[in-house]
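As a plain string of letters, each chain reads:
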Amino acid sequence: MTGTILTLCLIGGGVLFLVLTVWGILSRYRRSAPDELLVVFGKSGKIQVTGEDGKKETLVVPSKIIQGGGTFVWPIIQDWKKMSMKPIQIKATVDGIDSQAIQLHLPVVLTTAISRDKEIQQNAATRFLSASPNEIQSQIQEILIGETRAIMATMLIEEINADRDKFLTKVRTNLEQELTKIGYDVTNINISEITDDANYIKNMGQKATTRKQAEAEADIAEQKKQGNV
């Protein structure tokens, strides 16, 4: 009788140990939504990249990054955090000068998000894994202001005002290079009404309006003259 009880206790203990072990393993499984990154760190991960010669090589990375999937996070040797991939909007008024030193004020709106490129995502994890949303936005805003101001200084105020697509293309190119370093992409960038301290743009508008009015009056006078003839 005693032996039977002992056997049952051993079997029960074994079953309990097995259940707890399985539960412990399953409880370490972590998942991420399609719009977020699961960053596992502690024990280094590995990724395959294609070199300039076209050959694939394996690189050891500081973290394992998963988007829209899941993985086991082993206790003690690993830990995890999540990063949102949702777009963020950065607004800034850039004060700078054009190539003729005319003081400009340029409202800019940038929409950005963590890159979908696996290698670039490592940059985001390295720079911002422990950062708050405010810290992330502040650093991106500084980059936005700096790159916009740099392009402003290479163009005339007339160019910036008349060919905004050209201006935005230059700003976007510079921004993409800088944001890649911190793991982000440029989703969209826009500028609104440009102003300047010397009212240069306003005066250009008035001058253009006056010229158009003069041309219209000349056309009317010519039509009347032809009518009289």
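Residues numbered from 1 in each chain as written. Predicted model: local features only at pLDDT ≥ 70, side-chain atom pairs only at ≥ 80, totals over all residues. Heavy atoms only, no water.

## Observations regarding a nonpolar patch on the surface
For clarity, the cut-off: Each patch is built from residues that are more than 30% exposed by relative accessible area and take part in no salt bridge. Like charges join if they lie within 9 Å; nonpolar side chains (Val, Leu, Ile, Met, Phe, Trp, Tyr) join within 5 Å. Per-residue accessibility takes into account occlusion by the displayed protein chains alone, with areas from the Shrake-Rupley method and a 1.4 Å probe. The term salt bridge refers to a side-chain nitrogen of Lys or Arg lying within 4 Å of a carboxyl oxygen of Asp or Glu. A helix here means a DSSP run of H or I that spans at least four residues, while a strand means a run of E at least two residues long, and both kinds are numbered starting from the N terminus.
A surface patch of nonpolar side chains, about 530 Å² in accessible area, is lined by Tyr29, Phe72, Trp74, Ile76 and Ile77. Position of Ile77 among the secondary structure elements: in the loop between strand E4 (70-72) and strand E5 (79-84).

## Some points on the side chain of Ser63
This is how it is decided: Throughout, a contact is declared for two residues whenever any of their heavy atoms are within 4.5 Å.
With respect to the helices and strands, Ser63 occurs in strand E3 (residues 56-67). Residues in contact with Ser63, not counting those within four places in the same chain, are Val39, Val40, Phe41, Gln122 and Ala125.

## Re the nonpolar core
Where we set the bar: By nonpolar core is meant a set of buried Ala, Val, Leu, Ile, Met, Phe, Trp, Tyr and Cys residues that side-chain atoms within 4.5 Å join together. When a residue's accessible area, from a 1.4 Å probe over protein chains only, is under 20% of the maximum for its type it is buried; when over 50% it is exposed; and in between it is partly exposed.
The biggest cluster of nonpolar side chains holds 40 residues, and the ones touching the most others in it are Met83, Leu110, Ile140, Phe167 and Tyr184. Contacts of Leu110, omitting those with residues within four sequence positions, involve Ile88, Gln89, Ile90, Ile140, Leu144, Leu175, Leu179, Val186, Asn188 and Ile189.

## Looking at helix H5 (residues 164-180)
Basically, it comes down to this: Helices are assigned an expected span. That span is 1.5 Å times one less than the residue count. In this description, one arc is meant: the one made by directions from the helix axis to the C-beta atoms.
In a regular helix each residue adds 1.5 Å, so 17 residues correspond to 24 Å; H5 covers 24 Å between its end C-alpha atoms and thus fits that length. Three or more residues of H5 are buried, namely Phe167, Leu168, Val171, Leu175 and Leu179. One face of H5 carries all of its buried residues, which in axial projection span an arc of 85°. Residues of H5 that are exposed and point over 90 degrees away from its buried face: Asp165 and Gln177.

## A word on the packing of aromatic side chains
Under the convention used in this document: Here is the rule: rings of Phe, Tyr and Trp (six-membered ring for Trp) pair when centre to centre is within 6.5 Å. Planes less than 30 degrees apart are stacked, more than 60 are edge-to-face, and the remainder are tilted.
By the definition in use, this model includes three aromatic pairs. Relative to Trp74, the ring of Phe72 lies with its centre 5.7 Å away and its plane at 20°, an arrangement referred to as stacked. Look at Phe72 and you get partly exposed, because its relative accessible area is 31%. Through a chain of ring-to-ring contacts, the aromatic side chains of Tyr29, Phe72 and Trp74 assemble into a single cluster.

## What about helix H2 (residues 118-128)?
Our working definition: Polar contacts, as counted here, are pairs of nitrogen or oxygen atoms within 3.5 Å of one another; within protein the pair requires one atom able to donate a hydrogen and one able to accept it, and residues that are adjacent in sequence qualify only if both atoms are side-chain atoms.
When we look at burial in H2, the residues that qualify are Ile120, Gln121, Gln122, Ala124, Ala125 and Phe128. Among the residues of H2, the N-terminal cap falls to Asp117, whose side-chain oxygen and the backbone nitrogen of Glu119 are separated by 2.9 Å.

## Section: the confidence of the model for the chain
A low pLDDT means the predicted coordinates there should not be read in detail. What counts, and what does not: Here pLDDT means the predictor's own confidence in every residue, given as a number from 0 to 100.
Per-residue confidence for the chain gives a mean pLDDT of 81; residues scoring 70 or more make up 72%. Within the chain, helix H3 (residues 133-152) carries the highest mean pLDDT (96), whereas helix H6 (residues 200-228) carries the lowest (55).

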